[in-house]
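The primary structure of each chain is shown beneath.
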Amino acid sequence: MTEVWVELGEERYPIYVGAGLMAQLGALVRRHLPETRRALLVTDANVAPLYGEAARAALEQAGITTARVTVPAGEASKSLSQAYSLYSSCVRAELDRTSAVVALGGGVVGDLAGFVAATYLRGIPLVQVPTTLLAQVDSSIGGKTGVDLPQGKNLVGAFHQPSLVVADVETLKSLPRRELSAGMAEVVKHGVIRDEELLKYVEVQVGNVLAGDPAVLERVVAESCRIKAEVVAADPREKGLRAILNFGHTVGHALEAAIGFRWLHGECVAVGMVAAAHIARHSGIAQEGRLELRLTRLLERLDLPTTLPEGMDPKDLEPFLRRDKKIKSGVIHWVMPVRPGEVVVTPDVSPDAIRWGLEALRR
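Nothing here was measured: the structure is a model prediction, and the numbers come from that model.

**Looking at the environment of Gln161**
Piece 1. Position of Gln161 among the secondary structure elements: in the loop between β8 (152–159) and β9 (164–168).
Piece 2. Given the relative accessible area of 10%, Gln161 is considered buried.
Piece 3. Residues Gln161 and Gly142, 19 residues apart in the sequence, show an inter-C-alpha distance of 6.2 Å.
Piece 4. Polar contacts involving the side chain of Gln161 include one to the main-chain carbonyl oxygen of Gly142, which spans 2.9 Å.
Piece 5. Polar side-chain contacts of Gln161 include one of 3.3 Å to the backbone nitrogen of Gly143.

**Describing the environment of Ser85**
Piece 1. Turning to its location among the elements, Ser85 is positioned in helix α3 (residues 80–92).
Piece 2. Along the backbone, Ser85 and Glu292 are 207 residues apart, and their C-alpha atoms lie at a distance of 46 Å.

**Here's the deal with the pattern of salt bridges**
Piece 1. Enumeration over the complete set of coordinates arrives at 25 salt bridges.
Piece 2. Measuring nitrogen to oxygen at the nearest pair gives 2.8 Å for the salt bridge that ties Arg294 to Glu203. Of the two residues, Arg294 is situated in helix α11 (residues 291–301) and Glu203 in helix α7 (residues 196–210); the sequence distance between them amounts to 91 residues. One exposure class covers both Arg294 and Glu203, and it is buried.
Piece 3. It is possible to trace a salt-bridge network through shared partners that takes in Arg194, Asp195, Glu223, Arg226 and Glu230.

**Points about the environment of Asp138**
Piece 1. Tracing the backbone through its elements, the reader meets Asp138 in helix α5 (residues 133–139).
Piece 2. A sequence separation of 100 residues divides Asp138 from Arg38, and the C-alpha atoms of the two residues are 27 Å apart.
Piece 3. Excluding residues that lie within four positions of it along the chain, Asp138 makes contacts with Glu186, Lys189 and Lys228.

**As for the packing of aromatic side chains**
Piece 1. Enumeration according to the criterion identifies one aromatic pair in this entry.
Piece 2. Here Tyr87 and Tyr120 contribute two aromatic rings whose centre-to-centre distance is 6.5 Å and whose plane-to-plane angle is 20°, an arrangement assigned as stacked. Here Tyr87 is found in helix α3, whereas its partner Tyr120 is found in the loop between α4 (107–119) and β6 (126–130), with 33 residues between them in sequence.
Piece 3. Looking at Tyr120, the relative accessible area reads 12%, which means it is buried.
Piece 4. Above the plane of the ring of Trp5 lies Arg12, whose end atom (NZ or CZ) is 4.0 Å from the centre.

**Overview of the side chain of Gln205**
Piece 1. As for its placement among the helices and strands, Gln205 is situated in helix α7.
Piece 2. At 2.6 Å, the side chain of Gln205 forms a polar contact with the side chain of Asn208.

**Observations concerning the packing of helix α9 (residues 249–258) against helix α10 (residues 265–283)**
Piece 1. For the pair α9 and α10, the least separation of the axes is 7 Å and the interaxial angle reads 135°. Overall, the two elements α9 and α10 adopt an arrangement that is oblique. Read as a crossing pair, α9 and α10 show a hand that is right-handed. In contact with His249, Val251, Gly252, His253, Leu255 and Glu256 of α9, α10 contributes His265, Cys268, Val269, Val271, Gly272 and Ala275.
Piece 2. Looking at the contact of α9 with α10, its residues break down into six nonpolar, five polar and one charged.

Rules used throughout
- Residue indices follow the written sequence of each chain, beginning from 1 at its first position.
- This being a predicted model, a pLDDT of at least 70 is required before a residue's local features are given, and a value of 80 or more before pairs of side-chain atoms are given or counted; all residues contribute to the totals for chains, interfaces and linings.
- Derived side-chain values reflect all non-hydrogen atoms in the structure, with water molecules and hydrogen atoms excluded from consideration.
- Helix and strand assignments follow DSSP, with helices taken as H or I runs no shorter than four residues and strands as E runs no shorter than two, numbered in order from the N terminus.
- Throughout this description, buried means an accessible area under 20% of the type-specific maximum (1.4 Å probe, protein chains only), exposed means over 50%, and partly exposed covers the range between.
- We define a polar contact as two N or O atoms separated by no more than 3.5 Å, with the added condition that, inside protein, one atom must be a possible hydrogen donor and the other a possible acceptor, whereas residues neighbouring each other in sequence contribute only through side-chain atom pairs.
- Salt bridges are defined as contacts in which a side-chain nitrogen from Lys or Arg sits within 4 Å of a carboxyl oxygen from Asp or Glu.
- Residues count as neighbours in contact if any of their non-hydrogen atoms are within 4.5 Å of one another.
- For this analysis, a ring pair means two rings from Phe, Tyr or Trp (six-membered ring only for Trp) whose centres lie within 6.5 Å, classed as stacked if their planes differ by under 30 degrees, edge-to-face if by over 60, and tilted for the remaining angles.
- Consider the ring centre and the ring normal. A charge sits over the ring if Lys NZ or Arg CZ is within 6 Å of that centre and within 35 degrees of that normal.
- Axes, fitted as lines to C-alpha atoms, cover a helix only where it is in contact. Angles between the N-to-C directions of the axes lie from 0 to 180 degrees.
- Any angle from 65 to 115 degrees is called roughly perpendicular, while one under 35 is roughly parallel, one over 145 is roughly antiparallel, and all others are oblique.
- Each crossing is labelled by how the near helix is turned from the far one, with a counterclockwise turn of less than a right angle marking it left-handed and a clockwise turn marking it right-handed.
- Gly counts as polar in this scheme, as do all residues outside two lists: the nonpolar Ala, Val, Leu, Ile, Met, Phe, Trp, Tyr, Cys and Pro, and the charged Asp, Glu, Lys and Arg.

Laid out in structure tokens, this is it:
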């Protein structure tokens, strides 16, 4: 088991990464939340048959009375109506301010359950138990919680740091190959923005990653968690440095919306990272030549897309780019790679460079 700490002063919390940690869930919760005697375990219809009972049993064995609630799988569950239903479950479970909400699942469950924990009784402890690679390396860390509105994703939310994160890499064995590949996009992102050694490790271990080697996955997840923990600790409220975590997400989010979310988030981020690398080279920002080629090769070996869907015009992305959350005074602040392990956030990107970079994505 690897232990990584997110250092936020009084809110510091651990991330546990390893194989077989589900059986230790109750003991780990009691270690960090000794007053907790009741919990609401929130999971979804895909995860519940696989790990719901094991998680509940581990909590109960540690003396934590646990009520389990299963929500439908998918983005539609990130809604105010589903949050309202969970509030009612909190009342029925007789949760108080020493009780905990335990989020067992991927990013949707983590965001939804986290939002409920942030707002029920003005905030109760949250335990994140991510079961997808994307959630283990990204969404379960950092305290972003929220639900969607019909007008857009994550428009209602709160920052609410978990009390601990328990990432059991054994759960990744049940992921479809496509989901595992999509999660690796965020790992590659972490390597590009902060740590070239992680990038090199992934390049060497692609085969073992896709084969689900537990030791390799533990290192990949732990190193990604370390990088995100460092960035979150330096900027917990996303006022500055934390923007680098959005590398690849400007074009990635635009692509998601433009194609009606038919690709996975990580697949769109992969395309977005390639676009950013092209734009950075054309802008003169990239100081190491042809990073876009290195990225493209690695992402393709991970079975990730590096171009737009067949027949898509890059101009179709432009209306969605104008909605990017990094826009300030009408200008996008792009996360641009300087060299592997270093990026900058800058508004100084010419329209010509952006057009060139997007055109490079045409299949």
